[in-house]
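Structure assessment
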Amino acid sequence: MTAEGHLLFSVASLIMAHKLQLTPELAQGDWLHMVPGALLGALLPDIDHPSSIPGRLFRIFSLPISKLCGHRGFTHSLIAWMILLISCYQWLPASWGIPVDLVQAFLLGYLSHLIADMLTPSGVPLLWPLPQRFCLPLLRSKTNKRGERFVSVLLTVCACLLPSGYQLDLYFQIEMAIKYIQNQLSIHLPT
Ligand SMILES: [Zn+2]
């Protein structure tokens with residue numbers, strides 16, 4: 001997918017996450033924080049390609065990552081995303097004063113990049129270092145600008161059509177899922 005496609009898709013994903021109230025911060029965050037965060041996150045995974053925008057800006061990181069893992073390798077995996085998530089919440093100094101809504105939008109933008117690349121036929125190795133690639137090839141080629149714009153606009157329109165009171169509180173959903181599993185285990189496992 002092109003950089004333009006990733007940027008459009010990240011903004012569309014942000015609008016969807018805001019509308020679904022995925023987290024309280026994304027639901028009530030400041031767009032001036034969230035949009036730059038999402039755009040930054042959407043570009044970062046392609047640092048593994050020396051001629052991409054982040055690759056050209058940070059050649060010192062791009063060249064070794066590209067040599068070690070290749071394009072669409074480690075940086076396009078869930079492990080990379082988890083490392084970023086832990087880094088943002090555990091090691092980012094509070095004294096830097098980076099807003100939480102910006103951090104969450106950045107992580108969302110990164111995730112949107114992985115999903116967007118999954119829409120192309122070559123897919124992404126979500127479970128890297130396992131070689132299996134995951135794809136939902138809605139777009140026929142790696143660079144199909146028309147298709148990329150169409151998917152992003154479609155996602156934005158779907159987000160705008162969602163009823164305003166609709167809520168998908170991710171924390172609440174995870175909490176309910178954990179409770180359900182605990183209940184099932186207590187019923188089925190001998191005490
Ligand atoms: Zn990519």
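What counts and what doesn't
Residues numbered from 1 in each chain as written. Predicted model: local features only at pLDDT ≥ 70, side-chain atom pairs only at ≥ 80, totals over all residues. Helix = DSSP H or I, 4+ residues; strand = E, 2+ residues; numbered from the N terminus. Rg over C-alpha atoms; globule rule 2.2 N^0.38 Å. Core = buried A, V, L, I, M, F, W, Y, C linked by C-beta atoms within 7 Å. Buried ≥ 20, exposed ≤ 12 C-beta atoms within 10 Å, placed from the backbone. Contact = placed C-beta atoms within 7 Å. pLDDT = per-residue confidence, 0-100. Axes fitted to C-alpha atoms, helices over the stretch in contact; angles between N-to-C directions. Left-handed = near helix turned anticlockwise from the far one by under 90°. Nonpolar A, V, L, I, M, F, W, Y, C, P; charged D, E, K, R; others polar. Expected span 1.5 Å × (residues − 1). Arc of directions from axis to C-beta.

**Examining the overall build of the protein**
Summing up its helical and strand segments, the protein has 9 helices and 0 strands in all. Reading the protein from its N end, one meets helices and strands in the order α-α-α-α-α-α-α-α-α. A globule of 191 residues ought to have a C-alpha radius of gyration of about 16 Å, and the protein, at 18 Å, matches this closely. By principal-axis analysis of the C-alpha atoms, the protein measures approximately 55 × 45 × 40 Å.

**Regarding the nonpolar core**
By size, the foremost hydrophobic cluster in this structure holds 35 residues, and its most contacted members are Val11, Leu14, Ala38, Ala105, Phe106 and Leu108. When contributions to this core are tallied by element, the ones reaching two or more residues are α1 (3–19), α3 (31–43) and α7 (100–118). Broken down by element, this core gets its largest block of residues, 11 residues, from α7. Ignoring any residue separated from it by four or fewer positions in sequence, one finds Leu14 in contact with Met34, Val35, Ala38, Ala105 and Leu108.

**Considerations on the confidence of the model for the protein**
If pLDDT is low for a region, its predicted coordinates should not be looked at in detail. When the pLDDT values of the protein are averaged, the result is 87; 93% of them are 70 or greater. No element of the protein has a lower mean pLDDT than helix α9 (residues 170–188), at 75, and none a higher one than α3, at 96.

**A look at unusual backbone geometry**
At the junction of Trp128 and Pro129, the peptide bond is cis and its omega measures out at 15° in the coordinates. Residue placement: Pro129 occurs in the loop between α7 and α8 (145–161). Non-glycine residue Gln21 carries a positive phi angle of around 50°. By the secondary structure assignment, Gln21 is in the loop between α1 and α2 (24–28).

**Comments concerning the packing of α3 against α7**
Contact geometry of α3 with α7 gives a least axis separation of 6 Å together with a crossing angle of 35°. Between α3 and α7 lies a crossing of right-handed hand. Seen from α3, the contacting residues are His33, Met34, Gly37, Ala38, Leu39, Leu40, Gly41 and Ala42; seen from α7, they are Asp101, Leu102, Val103, Ala105, Phe106, Leu107, Leu108, Gly109, Tyr110, Ser112 and His113. Across the contact of α3 with α7, the residue classes break down as 12 nonpolar, 6 polar and 1 charged.

**Considering α7**
Because an α-helix completes one turn every 3.6 residues, residues spaced three or four positions apart along the sequence face the same direction. The end-to-end C-alpha distance of α7, which contains 19 residues, comes to 27 Å, matching closely the 27 Å that a straight helix rising 1.5 Å per residue would cover. Of all the 19 residues making up α7, 17 are buried; the element is thus mostly covered by neighbouring parts of the structure.

**Section: α8**
Its 17 residues place the ends of α8 24 Å apart at the C-alpha level, agreeing with the 24 Å of an ideal helix rising 1.5 Å per residue. Buried within α8 are the following residues: Glu148, Val151 and Ser152. Axial view of α8: buried residues confined to an arc of 95°, hence all on one face. Every exposed residue of α8 that faces more than 90 degrees away from the buried side is listed here: Arg146, Val153, Leu154, Val157, Cys160 and Leu161.

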